Amino acid sequence: PKNIHTWDDLIKPGVQVVTPNPFTSGGARWNIMAGYGAQLEQGRSKDQATEYLKQLFKHVVVQDKSAREALQTFAAGKGDVLISYENEAITAQQKGQDVDYVIPDDTLLIENPVAVTSNSKHPKEAKAFLDFVHSPQAQEIFAENGYRPVVDGAETAGWSARGVKRNLQLAPGATGYDELAKIVATAFMRNATLMTALLPAATTRVLFNRYAPGMEY
């Protein structure tokens with residue numbers, strides 16, 4: 001009903017946002033970096049991107065300590081929109097929860113590394129698992145659980161059928177996670193107003209869409 005489709009829609013009058021507490025949730029930090037980076041990608045300055053975050057957190061009604069708890073809070077009826085991981089939205093739908101989700105044109109693609117440790121007590125088995133993880137069979141299992149396949153030949157799990165866009169950027173407005181994280185952290189530490197806005201209120205909100213209000217980033 002509130003026609004939420006973009007980052008700018010989140011700061012419209014009357015929109016209630018759910019996102020976890022960035023002091024306890026890694027997912028919340030990704031949310032902040034995505035919103036901040038989106039502003040830079042749209043041609044705004046770093047000061048303007050910081051101002052956007054200040055406005056955004058004025059709309060946050062609940063700050064749970066984790067992304068999963070934020071989803072539960074949102075599913076229970078709190079807020080108009082939840083900012084969360086794409087796979088969390090897909091998992092919620094698979095469980096029959098009445099949510100929809102939207103992927104903004106400017107957001108982050110989170111890619112988690114995997115490797116065999118140098119001091120592994122079972123290097124042969126670890127290498128075998130690593131090889132399996134990159135196989136089409138394993139990637140299809142990931143896709144079935146809402147994660148994007150990263151190897152060719154793994155899209156038969158119905159990922160393409162979901163109509164999900166694949167052209168997300170790793171870190172809009174920055175060269176990578178470390179740089180963007182540093183920019184955002186610096187903005188936090190130098191801005192008392194923003195730090196105050198980030199302190200938990202009663203609870204935290206998520207960024208999804210109920211099939212009437214709703215969306216997720």
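Residues numbered from 1 in each chain as written. Predicted model: local features only at pLDDT ≥ 70, side-chain atom pairs only at ≥ 80, totals over all residues. Heavy atoms only, no water.

**A short note on the overall build of the chain**
Item 1. Broken down by element type, the chain carries 8 helices and 5 strands.
Item 2. Counting every position in the chain, which comprises 217 residues, the buried fraction comes to 47%.
Item 3. Of all intrachain contacts in the chain linking residues separated by at least 6 positions in sequence, the fraction that spans at least 24 positions is 72%. (Helix = DSSP H or I, 4+ residues; strand = E, 2+ residues; numbered from the N terminus. Buried < 20%, exposed > 50% of the residue type's maximum accessible area, 1.4 Å probe, protein only. Contact = heavy atoms within 4.5 Å.)

**Section: the environment of Thr24**
Item 1. With respect to the element layout, Thr24 can be found in the loop between strand E1 (17-18) and helix H1 (26-41).
Item 2. Once the C-alpha coordinates of Thr24 and Asp64 are considered, the two residues, 40 residues apart in sequence, prove to be 8.6 Å apart.
Item 3. Look past the residues within four positions of Thr24 in its chain and what remains in contact with it is Arg29, Asp64 and Lys65.

**A few points about the environment of Gly37**
Item 1. When you line up the elements, Gly37 lands in helix H1.
Item 2. Overall, Gly37 belongs to the buried group, its relative accessible area being 0%.
Item 3. Taking C-alpha positions, Gly37 is 7.7 Å from Ala49, a pair spaced 12 residues apart along the chain.

**Comments concerning the packing of H1 against helix H2 (residues 46-58)**
Item 1. Packing of H1 against H2 leaves a shortest axis separation of 9 Å and a crossing angle of 135°. Classified by the interaxial angle, the pair formed by H1 and H2 is oblique. For the element pair H1 and H2, the recorded crossing hand is right-handed. Of H2, the residues touching H1 (which contributes Ile32, Gly35, Tyr36, Gln39 and Leu40) are Lys46, Ala49, Thr50, Tyr52, Leu53 and Phe57.
Item 2. Here the contact of H1 with H2 is composed, by residue class, of 7 nonpolar, 3 polar and 1 charged. (Axes fitted to C-alpha atoms, helices over the stretch in contact; angles between N-to-C directions. Parallel < 35°, antiparallel > 145°, perpendicular 65-115°, else oblique. Left-handed = near helix turned anticlockwise from the far one by under 90°. Nonpolar A, V, L, I, M, F, W, Y, C, P; charged D, E, K, R; others polar.)

**Concerning the nonpolar core**
Item 1. Membership of the largest hydrophobic core comes to 21 residues, with the highest contact counts inside it found for Trp7, Leu10, Val17 and Leu56.
Item 2. Mapped by element, the contributors of at least two residues to this core are H1 and H2.
Item 3. With 7 residues, the top contributor of residues to this core is H1. (Core = buried A, V, L, I, M, F, W, Y, C linked by side-chain atoms within 4.5 Å.)

**A look at the pattern of salt bridges**
Item 1. Applying the stated rule across the entire model yields 7 salt bridges.
Item 2. When the shortest N-O distance is used, the salt bridge between Lys54 and Glu51 registers 3.2 Å. Taken together, the residues Lys54 and Glu51, both in helix H2 and 3 residues apart, mark about one turn of the helix.
Item 3. The class of Lys54 is buried, set by a relative accessible area of 17%. (Salt bridge = Lys/Arg side-chain N within 4 Å of Asp/Glu carboxyl O.)

**Quick look at a nonpolar patch on the surface**
Item 1. Nonpolar side chains collect at one region of the surface, where Phe129, Phe132 and Ile141 lie side by side and expose about 290 Å² of accessible area between them.
Item 2. Residue classification places Ile141 among the partly exposed residues on the basis of a relative accessible area of 42%. (Patch = residues over 30% accessible without salt bridge, like charges linked within 9 Å, V, L, I, M, F, W, Y side chains within 5 Å. Areas by Shrake-Rupley, 256 points an atom, 1.4 Å probe, with all protein chains shown as cover.)

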